[in-house]
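Listed here are the chains, written in short residue letters.
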Amino acid sequence: EAQVTQNPRYLITVTGKKLTVTCSQNMNHEYMSWYRQDPGLGLRQIYYSMNVEVTDKGDVPEGYKVSRKEKRNFPLILESPSPNQTSLYFCASSLVINTEAFFGQGTRLTVV
Amino acid sequence: EDQVTQSPEALRLQEGESSSLNCSYTVSGLRGLFWYRQDPGKGPEFLFTLYSAGEEKEKERLKATLTKKESFLHITAPKPEDSATYLCAVTNQAGTALIFGKGTTLSVSS
């Protein structure tokens, strides 16, 4: 089954404690992206990757890092989380940017 | 600036009452316009891609159409299970991201 898998689904953490949200896709897609979704603001892109070892900033990259060492994995790293990073996060993948995107189930992160 | 505006923000329908959702976009050189459905707490689920003005696509009770400035998602004889947030997105001019509208939350009551 074609899917994008994110883990964890829910996470409560404290300010400053480094965390990683994993994302894996099984469709051999080249393009992967991370979004955050906040009430009233919609989905906003954090980082994207056009292919292995190629990553770049989206609209709201501050406080986040990513890596793309393998085609299937695209982890999101918060080196020092802050309360304003409390949000619902989605990973997405597509063959290329202007084709159907598959989204993960989401990670609800709370930073206290 | 690439932009997507959806209206209305919320829509309440009776079962069987057809209606349309609007998506207006501003982007130079449209590469693709996408419709997604999102249920509460879940990831967006792909519905349609439209690439050029005049294009139409259908799936069950849903039909998406595209002009040079906007897209419509027509819902014919909706059922309660059609209740969800419908998101519209376009590929940005740089070809690096999807730009999403804020969505239309549809509630269908029986």
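Residue positions within a chain follow its written sequence, with the count starting from 1. For this description, chains carry letters from A and ligands carry numbers from 1, given in the order in which they are written. Local features in this predicted model are restricted to residues of pLDDT 70 or higher, and side-chain atom pairs are both shown and tallied only at a pLDDT of 80 or more, whereas totals for entire chains, interfaces and linings draw on every residue. Side-chain numbers come from the whole structure's heavy atoms, not from hydrogens or water.

With respect to the pairing of strand E5 (residues 45-50) of chain B
Residue and element names in this part refer to chain B. Applied cut-off: Under the scheme applied here, a residue whose accessible area is under 20% of the maximum for its type counts as buried, over 50% as exposed, and between as partly exposed, the area being computed with a 1.4 Å probe on protein chains only. Here a helix means four or more residues in a row that DSSP labels H or I, a strand means two or more in a row labelled E, and each is numbered from the N terminus. A pair of strands is labelled paired if DSSP reports no fewer than 2 bridges between them.
Among the 6 residues that make up E5, 5 are buried, leaving the element largely enclosed by the rest of the structure. Note: strand E4 (residues 33-38) against E5, 5 bridges, orientation antiparallel. Within the sheet, the bridge partner assigned to Phe34 lies in E5 and is Thr49.

Some thoughts on a nonpolar patch on the surface
Residues and elements named next belong to chain A. Basically, it comes down to this: Patches in this entry comprise residues that are over 30% relatively accessible and not in a salt bridge; like charges within 9 Å are linked, as are nonpolar side chains (Val, Leu, Ile, Met, Phe, Trp, Tyr) within 5 Å. Here, Shrake-Rupley sampling with a 1.4 Å probe gives the accessible areas, and only protein chains in the shown set may cover a residue. For this document, the term salt bridge refers to a Lys or Arg side-chain nitrogen within 4 Å of an Asp or Glu carboxyl oxygen.
A contiguous nonpolar patch, built from Ile12, Val14 and Val112 and spanning about 310 Å² of accessible area, is present on the exposed surface. With respect to the secondary-structure elements, Val112 resides in the segment after strand E11 (107-111). Val112 gets classed as exposed once you look at its relative accessible area, which sits at 56%.

Some points on the pattern of salt bridges
Applying the stated rule across the entire model yields 7 salt bridges over all chains. Salt-bridge contacts for B:Lys57 lead to B:Glu55; the nearest nitrogen and oxygen are separated by 3.8 Å. In the salt-bridge network here, residues are joined through shared partners; they are A:Arg36, A:Asp38 and A:Arg44.

Digging into the interface of chain A and chain B
Note the following rule: The contact criterion used throughout is that any non-hydrogen atoms of two residues lie within 4.5 Å. Buried surface area refers to the total accessible area, computed with a probe of radius 1.4 Å, that the two partners give up upon joining, counted for both partners together. Here a polar contact means two N or O atoms within 3.5 Å. Within protein one must be a hydrogen donor candidate and the other an acceptor candidate, and residues neighboring in sequence count only if both atoms are side-chain atoms. Classes in brief: Ala, Val, Leu, Ile, Met, Phe, Trp, Tyr, Cys and Pro nonpolar; Asp, Glu, Lys and Arg charged; the others, Gly included, polar.
Listed by partner, the interface residues are 20 residues for chain A and 19 residues for chain B. Buried surface at the junction of chain A and chain B, summed over both partners, amounts to about 1600 Å²; 58% is from carbon and sulfur atoms. Linking chain A with chain B are 0 salt bridges, by the criterion used here. In this structure, the connection of chain A to chain B is made through 6 residue pairs in polar contact (both at pLDDT 80 or more). Of all the elements in the fold, those that place two or more residues in the side of chain A that touches chain B are strand E4 (31-38) and strand E5 (42-51) of chain A. With 4 residues, the single largest contributor to the side of chain A that touches chain B is E5(A). The class makeup of the residues in the side of chain A that touches chain B is 10 nonpolar, 7 polar and 3 charged.

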